[in-house]
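# Structural description and commentary
Chain residues, written in single-letter form:
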Amino acid sequence: MHKKIIAGNWKMHGSLAANERLLDLLLAGSEDLACTLVVCAPHVYLAPCARRINGGGVRLGAQDLSARNGGAYTGEISAAMLAEVGCQYVIVGHSERRRLYQDSDEVVARKLGNALAAGLAPILCIGETMAEHQAGRTHAVLAAQLQAALASQPQPLSQQLVIAYEPVWAIGTGLSATPEVVQAAHQFIRCEVGRIYPTASARIPILYGGSMKPENAAALLAMPDVDGGLVGGASLDAADFLAIARAVNLRDQ
Ligand code: PEP
């Protein structure tokens with residue numbers, strides 16, 4: 001059984017000095033945690049973060065990677081480059097990338113494949129918009145996003161995959177989905193992954209993301225199919241992020 005994963009997505013926040021201060025506080029508070037703590041830093045801060053972590057209790061992740069593996073692609077960063085500077089995780093298909101930077105299902109699938117091939121653990125983000133939620137289309141959207149991302153990956157699906165259920169309407173809005181809604185979505189996701197990869201679904205961690213905070217984390221993380229959280233806003237405050245990590249109960253493992 002995996003430890004639960006609490007991953008922070010710092011997005012395009014902070015500065016070198018501010019992010020190093022934040023990381024130092026997390027490293028100091030990470031010793032007795034029952035979960036795996038991950039920070040996904042902006043690309044330019046990955047190498048300095050890796051040097052600071054230096055074997056400490058925080059794992060490093062990136063927020064995106066290229067759909068290409070190398071060559072004349074100005075501004076792109078490959079999976080191998082991320083692995084080389086010490087990343088173990090990378091977020092793939094975050095709704096902000098899909099919506100603002102036109103990451104299509106095909107691009108997301110290529111990024112996912114590149115991350116897996118480089119030995120990174122991709123955190124594949126899927127989730128429905130408010131309009132889709134209100135139209136009762138959540139399961140259809142999740143099934144389509146999973147099929148598009150996973151069906152073209154080589155069998156057997158690698159051990160590294162992590163999925164994050166992130167309802168778009170809950171991201172950065174303060175409107176978290178209820179634990180019951182999250183559990184139902186996670187159960188559906190596990191079932192769908194099982195249809196695509198019959199032997200893999202039980203061991204794939206499924207994280208919840210969307211306005212997770214110290215106040216709602218324990219109830220969300222207590223759900224049987226919730227294997228951790230992907231945290232945006234609250235990961236920028238060391239006390240809040242560590243409080244979420246501490247909401248993972250040893251009994252839950
Ligand atoms: C996210 O951006 O992945 C996220 C979950 O953000 P927030 O926690 O701020 O809703």
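These remarks concern the structure in this document.

Each value, and the rule that gives it
- Residues numbered from 1 in each chain as written.
- Predicted model: local features only at pLDDT ≥ 70, side-chain atom pairs only at ≥ 80, totals over all residues.
- Heavy atoms only, no water.
- Disulfide = S-S within 2.5 Å.
- Buried < 20%, exposed > 50% of the residue type's maximum accessible area, 1.4 Å probe, protein only.
- Core = buried A, V, L, I, M, F, W, Y, C linked by side-chain atoms within 4.5 Å.
- Helix = DSSP H or I, 4+ residues; strand = E, 2+ residues; numbered from the N terminus.
- Contact = heavy atoms within 4.5 Å.
- Pairing = 2+ DSSP bridges.
- Axes fitted to C-alpha atoms, helices over the stretch in contact; angles between N-to-C directions.

### Side note on the state of the cysteines
Enumeration over the complete set of coordinates arrives at 0 disulfides. Left unpaired, Cys35 is separated from the closest cysteine sulfur, that of Cys40, by 14 Å. With relative accessibility at 6%, the residue Cys35 sits in the buried group. Cysteine Cys40 is unpaired, with the sulfur of Cys87 as its nearest cysteine sulfur at 8.0 Å.

### Observations regarding the nonpolar core
Ile6, Leu26, Leu37, Leu150, Ile163, Ile189 and Tyr208 are the most contacted members of the largest nonpolar core, which has 68 residues in total. Among the elements that take part in this core, helix 8 (residues 179–196) stands out by supplying 6 residues, more than any other. With residues near it in sequence (within four places) discarded, Tyr208 still touches Tyr165, Pro167, Ala170, Ser176, Ala177, Val182, His186, Leu220, Val226, Gly228, Gly229 and Leu230. Within the second largest apolar cluster, 13 residues are counted, among which are Val38, Tyr89, Ile123 and Ala164.

### A few points about the sheet that holds strand 7 (residues 206–209)
Sheet strands pair by backbone hydrogen bonding; their relative direction is either parallel or antiparallel. The strand order around the closed barrel built from 8 strands is 1-2-3-4-5-6-7-8, with neighbouring strands paired in parallel fashion. Taken pair by pair, the neighbouring strands of this sheet meet at an average axis angle of 25 degrees, ignoring direction. Here strand 6 (residues 162–165) runs beside strand 7; their pairing, made up of 3 bridges, is parallel. By the bridge assignment for strand 7, Ala164 is matched with Leu207. Against the sheet, helix 7 (residues 138–150) contacts strand 5 (121–126) and strand 6, and its axis sits at roughly 150 degrees relative to strand 5.

### Comments concerning unusual backbone geometry
For Asn54, which is not a glycine, the phi torsion comes out positive at approximately 40 degrees. Residue placement: Asn54 occurs in the loop between helix 2 (46–53) and strand 3 (59–62). By relative accessible area, which is 65% here, Asn54 ends up exposed. In this structure, Ser211 is a non-glycine residue whose phi angle is positive, near 55 degrees. Assignment of secondary structure puts Ser211 in the loop between strand 7 and helix 9 (214–221).

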